[in-house]
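Analysis of the macromolecular model
Now for the letters of each chain:
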Amino acid sequence: MGNCCSDGSGSRSAVGGTASSPNNLAGRPNDSGDHFLKSQGYNGLFTQIELSLSASNLRDQDVFSKSDPMAVLYAKGRDGKLDEIGRTEVILNSLNPVWISKHTVTYRFEVVQSLVFRVYDIDTQYHNVPVKMLKLDEQQFLGEATCPLSEIVTRPTRSLTLNLVHGKESAGSAHRQNLGKLTVQAEECVGSKSTAEIVLRCTDLEYKDLFSKSDPFLVISKIVENGNPIQVCKTEVMKNDLNPTWKPVFLNMQQVGSKDSPLIAECFNFNSNGKHDLIGKLQKSLAELEKLHSCGIGENLFLPSGVGHDYCDKMLTSKLYVDKYSESVQHTFLDYIAGGCELNFMVAIDFTASNGNPRLPDSLHYIDPSGRPNAYQRAILEVGEVLHFYDSDKRFPAWGFGARPIDGPVSHCFNLNGSCYNCEVEGIQGIMVAYASALHNVSLAGPTLFGPVINSAALIASCSLANNQNKYFVLLIITDGVITDLQETKDALVKASDLPMSVLIVGVGGADFKEMEVLDADKWEFLESSTGRVASRDIVQFVPFRDVQSGEISFVQSILADLPAQFLTYMRTRDIHPHN
């Protein structure tokens, strides 16, 4: 029969499968999906997850023996289309199968990844047929289950047991026939945890500024298959320094590809207008950077010059040194989540008059009777849809700013639910209800101030930290205009950078948000307060909603792309380890 192992009275026989499936259907779509996203400049969290399946109390479909079950795993798209990821082996004569084959899926924090599991009883005449060749419509259907991948990986045990039901029964049906149970066990691949810690230094950099030395920073990029560089990390800006030594950078082996994958290190001179000058660059793999460290030597930077046939790399006297190179298994984002750390979602909504009269269709706050969400509602729904899995009590602080409550002065931070004492609402739907209600109970005013809501969120994060709670806070600010308290906002963000907290800012409408980008250290240097204190880390991600509506990468992927890295930076720089 091939690939069989004897099993009677609780033992099992398996046919048509193997203990592991390196060539199963999971690899191809995941690899192509990863490559596509990275080729588009998307640098969110990718990690490989192995899924193991088992079932219990399956229906007995065979007359003279028990069922011979096989499970099939699918990824379900937003359009409802199912893409097959892989199939288990067939377990002979068992109603409680534990399948040996594992299936690898790529976990993406920023996407709700719906999985569908279907179990079939494989007829005896097909036991010698390889499982990938089986026609499923010729087999007997035993039941299906569905869940988001996030629901599995956020469990402390990374295990989830689901009821198997008829495929035609809706998930919300109160009278579903129980066809047994399916248990899904997730395990993060070891390769996802291997990380290189590197300390880089440059010497004799060229002057790029007229009245001072250069303000250098490094950008490290990976070269993908089409030859394009994709940024994987960036150092801080070192002001007025021609011989800078930067803080350590951490490169995940899986993110880079391998130790021999080519990387480009580019040294730029920071300019406040965002047009940074290239000082020099070089191409090295991690293996070559490790060799530079072990030999204690530097490598000359190059500067491209000329065009066409005259193109060449000009060698510079400037050199790059590797002062530290070490590899280790680092705690990952999912390690902290499995250890009980939660992401607490918070929302602040702009109610300034520039949004327009909410009763008129051209207003950004117009509630369409057809149910079509406005930009504010879309931002809340799409971000909340991802983050709510990581918050156990589903109680979310929600504020408004820039409006005048009935018979009151303009408030720059009021509870969205109208309460004087409690800012929390129940679930994402609770935010939506409170938002719609607030539009009837406040008068839109102004100006646009972020400082008060950031400070309110920071106070919650500070109290949680003081009470040793295992939480990280994510504040979503949705606004239609440029803020008028820029320095106060910078001060609030610099203070918040020491707290377990990130701030997501979404710009809606047609305003020019160029000035807002200064808050996002992806494009600028770290924020500086009015007292000269520099933010300890980047905690802001700013995205204009209109810029990503028609792009290949979705809005929610863009706004959440940096969040896991910001989370890990906070944990690692404070030497915080996952619980348990």
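In the block above lies the structure referred to throughout.
Residues numbered from 1 in each chain as written. Predicted model: local features only at pLDDT ≥ 70, side-chain atom pairs only at ≥ 80, totals over all residues. Heavy atoms only, no water.

**Description of helix α12 (residues 563–573)**
Rules: Throughout this description, buried means an accessible area under 20% of the type-specific maximum (1.4 Å probe, protein chains only), exposed means over 50%, and partly exposed covers the range between. Runs of E in the DSSP output that reach at least two residues are strands. Runs of H or I that reach at least four are helices, and both are numbered from the N terminus.
Within the span of α12, buried status applies to Leu563, Pro564, Gln566, Phe567, Leu568, Tyr570 and Met571. Once α12 finishes, aspartate 575 follows within two positions and takes phi at roughly 55°, a positive value.

**A few points about the sheet that holds strand β2 (residues 46–56)**
Pairing between sheet strands relies on hydrogen bonds along the backbone, with the strands arranged either parallel or antiparallel. Inclusion rule: Criterion used throughout: strands pair if DSSP finds at least two bridges between them. Helix axes are fitted to C-alpha atoms over the stretch in contact, other axes to C-alpha atoms as well, and angles between N-to-C directions run from 0 to 180 degrees.
Strand order in the open sheet formed by four strands is β6-β2-β10-β9, and the pairing between neighbours is antiparallel. With one partner strand each, in any of the chains shown, β6 (103–108) and β9 (159–163) form the two edges of the open sheet. Pairs of neighbouring strands in the sheet enclose a mean axial angle of 35°, with direction left out of account. Relative to β6, β2 is paired through six bridges, and the arrangement is antiparallel. Across the sheet, phenylalanine 46 pairs through a bridge with arginine 108, a residue of β6.

**Some points on helix α8 (residues 451–466)**
The condition is simple: Multiplying 1.5 Å by the helix residue count minus one yields the expected span of that helix. For this quantity, the arc is that covered by the directions from the helix axis to the C-beta atoms.
An ideal rise of 1.5 Å per residue puts 22 Å on 16 residues; α8 measures up with 22 Å between its terminal C-alpha atoms. Burial in α8 covers these residues: Gly451, Val453, Ile454, Ala457, Ala458, Ala461 and Ser464. Seen end-on, α8 carries its buried residues on one side only, within an arc spanning 165°. Away from the buried face of α8 by more than 90 degrees, exposed residues Leu459 and Ala466 are located. Taken from the residues just after α8, asparagine 468 is the one with a positive phi, measuring 55°.

All quantities given are derived from atomic positions and should not be read as evidence of function.
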